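Geometric and topological summary
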Amino acid sequence: MGSTIRSIGVVVESGFGSLVTSTGLPNKTLSYTSIPCERDPIVLYGDELPMSERNEARDGSFQFPPEPDTVYSSGSRQQRRTGTVSIRLDLTTVGTAATNYDSNYLGYLLGAGLLTSKHSHNAADSVTAVSANEFTPTVASTSYAVGNLISSEVNGIAEYSAVTANDKSGKVGCSPAFSGTTYTSINPLQTWYPGSRTVTGTTTHSLSFRVDGVNFRTYAWGCIMESCNISVDGGRLMADITYRAAVIQDDHSSAAGPVEPVYNSGSPALFRGAYVVLSGTSPTSTTNVSGTTGDELTRIALDCEDMTFNITNTLTPKATSQDIRGMNGFEVSESLVEATITLTTVNTTIANDFFNQTLRNLVIGTGPVGDGKGCALMIPAAFQADNKASQYDVGGNDLVRQTLTFRSTRYGGDVAETGAGNSPFRLALGV
């Protein structure tokens with residue numbers, strides 16, 4: 001008997017499904033990076049067996065074996081099943097060892113469902129605060145990418161905002177506001193966002209996964225993110241990510257045992273030492289701002305004890321009969337987000353936001369921040385999805401709680417729509 005100790009590796013595909021030109025079959029010789037994710041969700045994936053039932057006339061009470069939906073190669077049917085790949089991992093950042101996530105497993109995983117944008121600089125920048133929403137950087141102001149998130153540490157607490165303008169006579173504008181004008185250093189964050197408007201339906205790349213263990217090995221090719229659910233577990237942000245795979249095959253005869261994961265050198269994203277912030281006023285939504293000044297909104301810091309942030313992609317296969325994949329890619333036909341936060345101090349300012357259809361910036365921050373550290377989640381134009389803000393939770397025996405559920409609507413408060421500018425939601429990691 002073999003041990004069930006197992007690992008899972010990931011690689012970015014150069015083409016959807018990683019087909020070998022000479023055979024038309026997926027490539028099993030790719031170089032995979034072993035991911036430091038939790039063990040339990042790693043299984044031998046694939047539970048959907050495409051087939052055609054044979055219902056021909058017969059001369060007795062029996063059935064015919066179904067016809068597998070696959071291709072022939074060298075005269076033999078090729079194994080093929082479909083299904084999902086699920087992993088669970090924390091968001092430990094790159095630290096000082098890398099300048100971005102383009103060649104990192106987190107960048108691989110997020111890029112299979114989202115697009116990404118980077119600032120032109122990747123180190124902490126000494127700045128002069130002009131206001132809680134504006135600062136003069138040391139680097140060129142245009143090196144700050146509009147729409148991307150930034151962070152600073154003020155009085156030992158991590159604070160986050162998003163760049164809304166980067167060419168204000170050498171100044172950078174951001175929203176929501178920092179807590180004051182005492183910040184002196186700004187950290188850049190690489191930012192992921194859904195394809196929308198002129199890039200609707202697109203992702204950065206597709207992935208292939210390989211599960212390794214003693215006497216077993218399974219491949220999945222043509223994988224695109226179907227959902228990403230981020231929650232708090234003992235103070236640590238954990239991401240449960242599910243990918244839809246075009247082709248899944250076993251190759252147990254080539255099994256070589258589990259592979260030790262590659263770990264990042266930064267810090268886990270902790271729901272400690274940071275704020276959850278709503279803007280004090282409504283962002284620009286249905287029409288875009290004009291000129292060189294974007295939204296610069298005030299802030300409301302909340303006493304938040306728990307949160308979830310759920311991204312859901314609706315995937316539509318672009319079907320084709322040409323090869324074993326049965327498609328030439330997945331189109332992200334819808335990408336939606338929902339954030340739920342639980343407050344232990346009731347905030348009366350936002351109690352009627354549902355009835356008033358009020359929109360606000362929502363930023364969920366984590367600690368710590370610094371070189372290659374930090375993680376934040378943002379909905380630039382968030383609306384309350386229900387009336388729980390005024391329907392307080394008094395079911396327990398201790399504190400009155402306020403549960404807020406937010407979804408995203410159109411945002412137009414950034415001065416540019418390139419990159420993450422004016423995107424409906426964002427996930428950012430420190431570089």
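The shown structure was predicted, so the numbers you read here are calculated from the model rather than taken from an experiment.

The rules behind these values
Residues numbered from 1 in each chain as written. Predicted model: local features only at pLDDT ≥ 70, side-chain atom pairs only at ≥ 80, totals over all residues. Heavy atoms only, no water. Helix = DSSP H or I, 4+ residues; strand = E, 2+ residues; numbered from the N terminus. Rg over C-alpha atoms; globule rule 2.2 N^0.38 Å. Buried < 20%, exposed > 50% of the residue type's maximum accessible area, 1.4 Å probe, protein only. Contact = heavy atoms within 4.5 Å. Core = buried A, V, L, I, M, F, W, Y, C linked by side-chain atoms within 4.5 Å. Patch = residues over 30% accessible without salt bridge, like charges linked within 9 Å, V, L, I, M, F, W, Y side chains within 5 Å. Areas by Shrake-Rupley, 256 points an atom, 1.4 Å probe, with all protein chains shown as cover. Salt bridge = Lys/Arg side-chain N within 4 Å of Asp/Glu carboxyl O. Pairing = 2+ DSSP bridges. Polar contact = N/O pair within 3.5 Å; in protein donor to acceptor, adjacent residues only side chain to side chain. Phe/Tyr/Trp six-rings, centres within 6.5 Å; stacked < 30°, edge-to-face > 60°. Lys NZ or Arg CZ within 6 Å of the ring centre and 35° of its normal.

What follows covers the overall build of the protein. The helix and strand inventory of the protein stands at 2 helices and 25 strands. Computed over its C-alpha atoms, the radius of gyration of the protein comes to 24 Å, within 12% of the 22 Å expected for a compact globule of 431 residues. The principal-axis extent of the C-alpha atoms belonging to the protein is close to 80 × 50 × 45 Å. Looking at the protein as a whole, 52% of its 431 residues are labelled buried. Pairs at least 24 residues apart make up 75% of the contacts formed inside the protein by residues separated by at least 6 positions.

What follows deals with the nonpolar core. The tendency in soluble globular proteins is for nonpolar side chains to be buried as a group. Among the nonpolar cores identified, the biggest contains 63 residues, and Phe209 and Tyr243 are the most heavily contacted of them. Discounting chain neighbours no more than four positions away, the residues touching Phe209 are Ile8, Gly9, Val10, Tyr32, Ile35, Val85, Leu109, Thr218, Tyr219, Ala220, Cys223 and Tyr243.

Here we come to a nonpolar patch on the surface. A cluster of nonpolar side chains, namely Tyr392, Val394 and Val400, defines an oily patch on the protein surface of about 250 Å² accessible area. Residue position: Tyr392 is located in the loop between β23 (375-384) and β24 (402-408).

Along strand β18 (residues 276-279), one buried face is formed by Val276 and Leu278 and the opposite face, lined by Val277 and Ser279, is buried too. Pairing geometry for β18 and strand β19 (residues 299-302), over 4 bridges, is antiparallel. Bridge pairing links Leu278 to Ile300 in β19. Bridge count for β18 against strand β22 (residues 359-365) is 3 bridges, and the pairing is antiparallel.

We now examine the pattern of salt bridges. A full pass over the atoms with the stated rule returns 21 salt bridges. When the shortest N-O distance is used, the salt bridge between Arg88 and Asp233 registers 3.1 Å. A residue pair is termed long-range when its members are at least 10 positions apart, and Arg88 in strand β7 (residues 81-90) and Asp233 in strand β16 (residues 216-233) qualify at 145 residues. On the basis of relative accessibility, which here comes to 37%, the residue Asp233 falls in the partly exposed class. Through salt bridges with shared partners, a single network forms among Glu38, Arg88, Asp233 and Asp240.

For the rest of this paragraph, the subject is the side chain of Asn264. Tracing the backbone through its elements, the reader meets Asn264 in the loop between β17 (236-250) and β18. A polar atom in the side chain of Asn264 sits 2.9 Å from the backbone oxygen of Thr92. A distance of 2.6 Å separates polar atoms of two side chains, one belonging to Asn264 and the other to Asn104. If near-sequence neighbours (up to four positions away) are discounted, Asn264 is found in contact with Thr92, Thr93, Val94, Asn104, Tyr105 and Leu106.

Let's shift gears to the pairing of strand β25 (residues 426-430). For β25, the buried fraction is high: 5 of the 5 residues fall into the buried class. Of the two faces of β25, the one holding Arg426, Ala428 and Gly430 and the one holding Leu427 and Leu429 are both buried throughout. In the sheet, β23 pairs with β25 via 4 bridges, with the strands oriented antiparallel. Its bridge partner being in β25, Cys375 is matched across the sheet by Leu429.

For Gln384, the location among the structural elements is in strand β23. On the accessibility criterion, Gln384 (6% relative accessible area) is buried. At a separation of 3.1 Å, a polar atom in the side chain of Gln384 contacts the main-chain carbonyl oxygen of Ile350. Gln384 has contacts with Ile350, Asp353, Phe354, Ala389, Leu404, Thr405 and Phe406, leaving out every residue within four places of it along the chain.

It is worth spelling out the packing of aromatic side chains at this point. Here the distance between the centres and the angle between the planes together describe a pair of aromatic rings. Applying the stated rule across the entire model yields 9 aromatic pairs. Clustering of aromatic rings is evident, with ring pairs tying together Phe135, Tyr144, Phe178 and Tyr183. Cation over ring: Arg299 sits above Tyr275, and NZ or CZ is 5.0 Å from the ring centre.

This brings us to unusual backbone geometry. With an omega of 0°, the peptide bond running from Ser175 to Pro176 counts as cis. Between Gly367 and the following residue, Pro368, the backbone shows a cis peptide bond with an omega angle of -5°. Summarising the element assignment, Pro368 is placed in the loop between β22 and β23. The residue Ser169 is not glycine, and still its phi comes out positive at about 55°. Mapped onto the elements of the fold, Ser169 is located in the loop between β12 (157-168) and β13 (171-175). Among the residues examined, Ser169 registers a relative accessible area of 73% and is labelled exposed. One non-glycine residue, Arg197, lies in positive phi territory at about 55°. Examined against the element boundaries, Arg197 turns out to sit in the loop between β14 (185-193) and β15 (207-213).

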